[in-house]
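Summary of the model geometry
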Amino acid sequence: MVVVGGSTGIGWAVAETTAKAGARTFALGRSGRAPEGTQGMVADVTDLPSMKAAFARIGQIHHIAYTAWSRQGAPSLGTLTSDHLQQTFDAKLFGALHAVRLALPYLDPLASITFTSGQVSRRYGVGSVLKGSVNAAVDSAGKHLAKELAPRRVNVISPGVTDTAQWGEAGSAKRLEALERIAAALPIKRVATPEELASAYLFVMANPFVTGAVFDINGGGLL
């Protein structure tokens with residue numbers, strides 16, 4: 001099991017959850033940090049030689065989950081720059097496609113591949129054009145690759161708001177205020193934990209009849 005972006009946030013939880021389920025799990029990230037019971041490896045999704053070398057060291061891969069992303073905020077169209085676009089798409093879409101491409105020689109014929117998008121692909125608003133566009137592209141890429149790479153399975157997890165460092169430092173007033181405000185608008189009145197998202201990744205990896213699907217794990221955020 002390989003988690004790209006496994007050194008923090010949702011990726012950390014995915015690596016931890018799969019390891020506890022019995023998988024030999026590798027967590028790839030720029031820091032090399034990894035949960036207990038997994039093996040951390042330093043690799044940057046924008047540095048393709050480092051990704052290629054990591055996959056070569058790992059060898060055969062049965063499952064790969066891609067959770068890497070870039071923190072670019074929510075610029076409006078008038079403030080959107082080429083750097084915003086390049087960094088966001090490099091990390092979340094192009095990095096995912098390159099990771100799978102580089103992993104292909106090592107992917108088991110029945111391997112599963114799980115991408116990560118986000119509810120903003122279909123939740124429209126001011127300042128969401130950048131994140132919405134890249135997440136919609138990830139949703140589409142997952143479906144196309146489910147056809148192209150079959151019988152390998154490709155799915156996409158589309159999270160809603162999750163309590164991670166994306167919202168600020170742990171315990172900070174800014175993070176708590178933002179998450180409380182968002183939670184109040186959700187039917188279940190709270191945001192997701194990374195562990196709740198991780199259970200969805202585990203499901204699509206373990207179920208051999210699931211492919212080409214986008215799973216919304218958002219507490220009713222699209223209602």
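In this report, we go over the structure that sits alongside the text. (Residues numbered from 1 in each chain as written. Predicted model: local features only at pLDDT ≥ 70, side-chain atom pairs only at ≥ 80, totals over all residues. Heavy atoms only, no water.)

**Focus: the pairing of strand 2 (residues 26-29)**
Burial along strand 2 is two-sided: Phe26 and Leu28 and Ala27 and Gly29, pointing in opposite directions, are all buried. Strand direction decides the pairing type here: strand 1 (residues 2-4) and strand 2, joined by three bridges, are parallel. The partner of valine 2 across the bridge, within strand 2, is phenylalanine 26. You can see the chain leave strand 1, run along helix 1 (residues 9-20) and come back into strand 2, and the turn it takes is right-handed. Pairing of strand 2 with strand 3 (residues 39-42), which is carried by four bridges, proceeds in the parallel orientation. In the sheet register, alanine 27 faces strand 3, and the bridge partner there is glycine 40. (Buried < 20%, exposed > 50% of the residue type's maximum accessible area, 1.4 Å probe, protein only. Helix = DSSP H or I, 4+ residues; strand = E, 2+ residues; numbered from the N terminus. Pairing = 2+ DSSP bridges. Right-handed = clockwise from strand over helix to strand, strands pointing away.)

**Quick notes on the environment of alanine 141**
In this fold, alanine 141 is placed in helix 4 (residues 129-148). Accessibility expressed as a relative area gives 13% for alanine 141, which makes it buried. For the pair alanine 141 and valine 154, spaced 13 residues apart in sequence, the C-alpha to C-alpha distance is 9.3 Å. With residues near it in sequence (within four places) discarded, alanine 141 still touches Leu93, Leu97 and Phe115. (Contact = heavy atoms within 4.5 Å.)

**Concerning helix 2 (residues 48-58)**
Of all the residues in helix 2, the buried ones are Ser50, Met51, Ala54, Phe55 and Ile58. Seen along its axis, helix 2 keeps its buried residues to an arc of 135°; they face one direction. Across from the buried face of helix 2, at angles greater than 90 degrees, the exposed residues are Pro49, Lys52 and Arg57. Where helix 2 is buried, its residues touch strand 1, strand 2, strand 3, strand 4 (61-66) and helix 3 (82-103). Glycine 59, located one to two residues past helix 2, shows a positive phi value of around 85°. (Arc of directions from axis to C-beta.)

**Observations concerning the nonpolar core**
Core analysis: the biggest nonpolar cluster contains 35 residues, and Val2, Val4, Leu28, Met51, Phe55, Ile64 and Phe115 have the highest contact counts within it. Taken together, the elements giving at least two residues each to this core come down to strand 1, strand 2, helix 2, strand 4, helix 3, strand 5 (107-116), helix 4 and strand 6 (153-159). Top contributing element to this core by residue count: helix 3, with seven residues. For methionine 51, the residues in contact, after removing those within four places along its chain, are Val4, Leu28, Ala43, Asp44, Val45, Ala99 and Leu102. By size, the runner-up hydrophobic cluster in this structure holds 17 residues, among which are Val3, Ala13, Val14 and Ala65. (Core = buried A, V, L, I, M, F, W, Y, C linked by side-chain atoms within 4.5 Å.)

**Observations regarding the sheet that holds strand 2**
Strand order across the open sheet formed by seven strands is 3-2-1-4-5-6-7, with parallel pairing between neighbours. Two strands bound the open sheet, and with one partner strand each, they are strand 3 and strand 7 (214-217). Geometrically, the sheet is characterised by an average inter-axis angle of 20° between neighbouring strands, direction not taken into account. Bridge count between strand 6 and strand 7: four bridges; the pairing is parallel. Along strand 7, the bridge assignment pairs valine 156 with valine 214. On the sheet, helix 2 packs against strand 1, strand 2, strand 3 and strand 4 and is oriented at approximately 170° with respect to strand 2. Of the strands in this sheet, strand 4, strand 5, strand 6 and strand 7 touch helix 6 (residues 194-206), which is tilted by about 165° from strand 6. (Axes fitted to C-alpha atoms, helices over the stretch in contact; angles between N-to-C directions.)

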